[in-house]
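Here are the chains, one letter per residue:
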Amino acid sequence: KNKYDKHNRGGRDLWFDTSNSAANEIIDSIKGDNDINYVTLVAEPGSGKTMVVHCLIYNMYILENDITTAPTNITLTTGMSDKEWFDQVINNFKLRDGDYLWNEINKISDNHCITHRSTFPKRINYLKNNKQFLHDHIFIIDESHFADGVGMTIHKELEEKLGLTKERIVQYNIKFIYVSATPDVNLAVMDRNDRHYKIRLENGENYKGFEHYYETDRIHNDEGLDGI
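Note that the structure is a prediction, hence the values are computed from the model and not measured.

Parameters and conventions
As a convention, each chain's residues are numbered from 1 in the sequence order in which they are written. It should be noted that, the model being predicted, local features are given only for residues of pLDDT at least 70 and side-chain atom pairs only at 80 or more, the latter also being counted only at that level, while totals for whole chains, interfaces and linings use all residues. Values reported for side chains reflect all heavy atoms of the structure, with hydrogen atoms and water molecules removed beforehand. A score from 0 to 100, pLDDT tells how confident the predictor is in each residue. The contact criterion used is simple: two residues touch if any of their non-hydrogen atoms lie within 4.5 Å. Each helix corresponds to a stretch of at least 4 residues labelled H or I by DSSP, and each strand to a stretch of at least 2 residues labelled E; elements are numbered beginning at the N terminus. Whether two strands pair depends on DSSP finding at least two bridges between them. Note on geometry: axes are lines fitted to C-alpha atoms, helical ones only across the stretch in contact, with angles between N-to-C directions running from 0 to 180 degrees. Ring pairs shown here join Phe, Tyr and Trp side chains whose ring centres sit within 6.5 Å, with only the six-membered ring taken for Trp; geometry is labelled stacked below 30 degrees between planes, edge-to-face above 60, and tilted in between. Working definition: with a 1.4 Å probe on protein chains only, accessible area under 20% of the residue-type maximum means buried, over 50% means exposed, and in between means partly exposed.

Across the protein, pLDDT averages 79, with 79% of residues at or above 70. Below a pLDDT of 50 lies the segment residues 184-191, which in the model reaches 22 contacts outside its immediate sequence neighbourhood of four places, other chains included.

For Arg117, the position within the fold is in the loop between α4 (108-111) and α5 (120-129). Sequence spacing of Arg117 and Thr77 is 40 residues, and the spatial spacing of their C-alpha atoms is 7.4 Å.

For the rest of this paragraph, the subject is the sheet that holds strand β1 (residues 38-42). Judged by pairing direction, the sheet is parallel, and its five strands sit side by side in the order β2-β3-β4-β1-β5 without closing on themselves. Because the sheet does not close on itself, it has two edges, and the strands there are β2 (74-78) and β5 (196-200). Each neighbouring strand pair of the sheet contributes to a mean axis angle of 15°, computed without reference to strand direction. Two elements, β2 and strand β3 (residues 138-142), share five bridges in a ladder whose sense is parallel. Of the residues in β3, the one forming a bridge with Thr77 is Ile141. Relative to β5, helix α1 (residues 17-31) is tilted by about 170°, and along the sheet it contacts β1, β3, β4 (175-180) and β5. Strands β2 and β3 of the sheet are contacted by α5, whose axis makes an angle of about 160° with β2.

With the rule as written, the count across this model stands at five aromatic pairs. When the centroid spacing of 6.2 Å and the interplanar angle of 15° are considered together, the rings of Tyr126 and Phe133 count as stacked. On the numbers, 5.1 Å between centres and 10° between planes, the contact of Phe139 with Phe176 is stacked. With a gap of 37 residues between them, Phe139 in strand β3 and Phe176 in strand β4 connect regions that are remote in the sequence. When its relative accessible area of 1% is taken as the criterion, Phe139 is described as buried. Aromatic rings pair up to connect Tyr38, Phe139, Phe176 and Tyr178 into one cluster.

What follows is the structure, encoded as structure tokens:
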């Protein structure tokens, strides 16, 4: 624990208050309410969704208190097939001494605890062969709507290979945390509306998103895009 306890070192926090608040709200929802199996974190692009995920894993695992989740029981993936996302996530979890914030990454070639759409089946096969890790498991899925529709990659792997029906998800106390910048998209993994909780990440004081750039005419609508 001491190795990772770098909070406030040099007078700087590891995360913004908004990131920490959102992470703690996720934890409260999945640890404090047995009727919730699905949580969606809604955040605008560039507002710090990835930072919330890091803070969440830190609070669930590193702090070793009553909200601890075994590192073997966490899966982090994305509905996107972009390997750049995977490389960035791995790099962001790396500490100054070359170790990782999340020690399961040291065995990632075997356990595939972090995946993207193309490699997600490897994690499913690992869990299929190690079903003891399915109980109290937490799936964190970044921008899942690209691949979680009925019959698509994530849905197909979870339901057909692992047998995670809606009833079994409740029985095994499995939690799904969706991180999305497009909350109006219908996330369709095994109809979860009746056991679902939504959290909004508040923007930081100096956040400037699409709305700001549109209002200042730095980006604009253009319907004459023919020929590009």
